[in-house]
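As a plain string of letters, each chain reads:
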Amino acid sequence: MSPTAARITAVDTYDIRFPTSRELDGSDAMNPDPDYSAAYVVLRTDAEDGIEGHGFTFTIGRGNDVQVAAIDALRHHVVGRGVDELCADPGTLNRDLIGDSQLRWLGPEKGVMHMAIGAVVNAVWDLAAKRARKPLWQFLADATPEWLVSQLDFRYIADALTPDEALALLNSGREGAVEREGVLRERGFPGYTTSPGWLGYSDEKLSRLARQAVAEGFTQIKLKVGADLADDIRRCRTARSVIGPGIRMAIDANQRWNVGEAVEWTRALAEFDPYWVEEPTSPDDVLGHAAIRKAVAPVKVATGEHVQNRIVFKQLLQAGSIDILQLDAARVGGVNENLAILLLAAKFGVPVCPHAGGVGLCELVQHLSMFDYVALAGTTEDRVIEYVDHLHGHFLDPVVIRNGHYAAPTTPGFSAAMRPESIAEFTYPGGTFWAADLARQGLTDQKGAAA
Ligand SMILES: [Mg+2]
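Residues numbered from 1 in each chain as written. Predicted model: local features only at pLDDT ≥ 70, side-chain atom pairs only at ≥ 80, totals over all residues.

### Let's talk about the overall build of the chain
We count it as follows: Only runs of H or I of at least four residues qualify as helices and only runs of E of at least two qualify as strands under DSSP, and these elements are numbered from the N terminus. Put simply, the radius of gyration uses C-alpha atoms, and a globule should come to 2.2 Å times the residue count raised to 0.38. Any residue whose C-beta has 12 or fewer other C-beta atoms within 10 Å is treated as exposed, any with 20 or more as buried, and any in between as partly exposed, C-beta atoms being built from the backbone. With C-beta atoms placed from the backbone, a contact is any residue pair whose C-beta atoms sit within 7 Å.
Scanning the chain from terminus to terminus reveals 18 helices and 12 strands. Rg of the C-alpha trace for the chain: 21 Å, near the compact-globule value of 22 Å for 451 residues, within the 12% margin. Expressed as lengths along the three principal axes of its C-alpha atoms, the size of the chain is roughly 65 × 60 × 45 Å. Evaluated residue by residue, the chain yields a buried proportion of 54% over its 451 residues. Considering only contacts in the chain between residues 6 or more positions apart, those separated by 24 or more positions represent 75%.

### Comments concerning the domain arrangement of the chain
Interfaces are frequently sized by the accessible area removed from exposure as the parts join. In plain terms, the rule: Domain start and stop positions are those given by an automatic or database domain assignment. Polar here means any residue other than Ala, Val, Leu, Ile, Met, Phe, Trp, Tyr, Cys and Pro, which are nonpolar, and Asp, Glu, Lys and Arg, which are charged; Gly is therefore polar.
Looking at the assigned domains, one finds that the chain contains domain 1 (3–142), domain 2 (177–420) and domain 3 (421–451). On a C-alpha basis, the centroid separation for the pair domain 1 and domain 3 is 23 Å. In this complex, domain 1 contributes 10 residues to the contact, which on the side of domain 3 involves 7 residues. Put simply, the parts of the chain that give the side of domain 1 that touches domain 3 at least two residues each are strand S1 (8–17) and helix H1 (64–72). It is S1 that contributes the most residues to the side of domain 1 that touches domain 3, 4 residues altogether. For the side of domain 1 that touches domain 3, the residue count by class is 3 nonpolar, 2 polar and 5 charged.

### Topic: helix H4 (residues 90–98)
Heads up, the condition is: Think of it as the arc spanned by the lines of direction from the helix axis to the C-beta atoms.
Of the positions making up H4, those classed as buried are Pro90, Gly91, Leu93, Asn94, Leu97 and Ile98. Down the axis of H4, the sector holding all buried residues measures 160 degrees, keeping them to one side. Contact partners of the buried residues in H4: helix H2 (75–78), helix H3 (83–88), helix H5 (111–131), helix H7 (145–150) and helix H15 (335–348).

### Some remarks on the environment of Asp35
Looking at where Asp35 falls in the secondary structure, it is placed in the loop between S1 and strand S2 (37–45). Expressed as a C-alpha distance, the spacing of Asp35 and Asp273, which sit 238 residues apart in the sequence, is 32 Å.

### Digging into unusual backbone geometry
At the junction of Gly107 and Pro108, the peptide bond is cis and its omega measures out at -5 degrees in the coordinates. Assignment of secondary structure puts Pro108 in the loop between H4 and H5. Residue Pro298 follows Ala297 across a cis peptide bond; omega there is 10 degrees. The phi angle at Arg133 is positive, at roughly 60 degrees, despite the residue not being glycine. Relative to the elements of secondary structure, Arg133 occurs in the loop between H5 and helix H6 (136–142). Residues other than glycine seldom take positive phi values, yet Asp273 does so here, at roughly 55 degrees. Looking at where Asp273 falls in the secondary structure, it is placed in the loop between helix H12 (259–268) and strand S7 (274–278). By C-beta crowding, Asp273 is classed as partly exposed, having 13 other C-beta atoms within 10 Å.

### Some details on the UniProt feature "domain: Mandelate racemase/muconate lactonizing enzyme C-terminal" (unreviewed entry) in the chain
In plain terms, the rule: UniProt positions are given in the numbering used here, feature names are shortened, and annotations may be inferred rather than shown by experiment.
Taken from the UniProt record, the annotation "domain: Mandelate racemase/muconate lactonizing enzyme C-terminal" (unreviewed entry) applies to residues 203–299. Split by type, residues 203–299 is 51% helix and 15% strand. Its first and last C-alpha atoms lie 24 Å apart.

### Details of the nonpolar core
The following threshold applies: The term nonpolar core refers to a set of buried Ala, Val, Leu, Ile, Met, Phe, Trp, Tyr and Cys residues connected through C-beta atoms within 7 Å.
By size, the foremost hydrophobic cluster in this structure holds 145 residues, and its most contacted members are Val41, Ala119, Val120 and Val124. Here the element with the most residues in this core is H5; it accounts for 13 residues. In this structure, Ala119 is in contact with Ala39, Val41, Gly55, Phe56, Thr57, Ile71 and Ala330, ignoring residues within four places of it in sequence.

### Quick word on the pairing of strand S4 (residues 189–197)
How we decide: Pairing between two strands is assigned when DSSP locates at least 2 bridges connecting them. We call a crossover right-handed when, viewed with the strands running away from us, the connection from the first strand over the helix to the second turns clockwise.
Of all 9 residues that make up S4, 9 are buried, and the element is covered over most of its length. Where S4 meets strand S12 (residues 405–406), 2 bridges bridge the pair, whose relative direction is antiparallel. Residue Pro190 lies in a different strand from S12, and its bridge partner there is His405. Bridge count between S4 and strand S10 (residues 385–387): 3 bridges; the pairing is parallel. Counted as the bridge partner of Tyr192 is Glu386 from S10. Tracing the backbone out of S4, into helix H10 (residues 203–215) and back to the parallel element strand S5 (residues 220–224) gives a crossover that is right-handed.

Laid out in structure tokens, this is it:
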């Protein structure tokens, strides 16, 4: 078969769940017992190269089956597409998925259906970068500005960012890109760690992990806050005394507060010099964030991991609601929409410090920040990628952290592929781990009951 005839032959999905709630890893004020999970998708082709596209979106347990069902609902848009055309223009599939006139009712462009689109679109970018034999960050950085602009959907954002402005930003972003690529390969991209700060950890564990983070070269840590103010004061004091004044300490409330509470609580913690307060309130509350930002300055306001699409990001930027934009690789509609979000941030001069952690979010999002550094924003000043040291061993191309920096991936693709043995063990409910666990509880056939 000639390569031009190759087609997508299958869209296979997997419900993969890790029992993280048992160690309180990932615990915060809104999510006390997450089982970090991936709704995972593999695009298979009949091309002779045997290359597959891998993608996923992240959930925290129950509902991962709903997320998988949403990906399944997109299958008919993908199977049968020509692989060359798909990889030459992922934007067309992106628009077709968003434009499905019946599925669109479930959004539009938000929630479970949109995250499903993100998983599929990201799998296409994984496939395209692998076929080009480049890690995704480099695939994007090497692309022409004109082609990148063609991959964006300007619908609903053209009042804030026009195609001409996007092109101008990408053209100026190319100046010095070769030198920056060298720096990136040499030094990596700065990270910060949330590992010390989970709410369920003891003060002893917090101190130990904070000390370890500084020793490992991180210049910023983050603490979960928002459940109990007296606890937060004690934990922030403990962390600050361990890390000293020269290390940045962010706090993250995971949407716990009303606007007024967010202001009072942040002011009560101000003596510990928090660098940013993250998700102080609902991710949909554009004007609430603006009010909080005004009231808590100089503490910066950050949000984004639950911001559902480029349109809400546009408004957060237009309203002056955020100092830090925290895009997520698997929340919105995939790489195409994240390119639009990176360009919006560049237009408004707001630094992007991506959300990561979860399952595989570090693996994915590093590529977007590295592209941003090399070929768009052109700087790492005040830019850090979140890092959490969980679950990386389940990936074939796990992130590598050196001296507090993400090392630039060299393996082709989006670093999305999970180890086959991990998939076999943690697929829910039939994988070896869960089958044994559910059998112990007498719950073999009650899908969802024990997650
Ligand atoms: Mg967060």
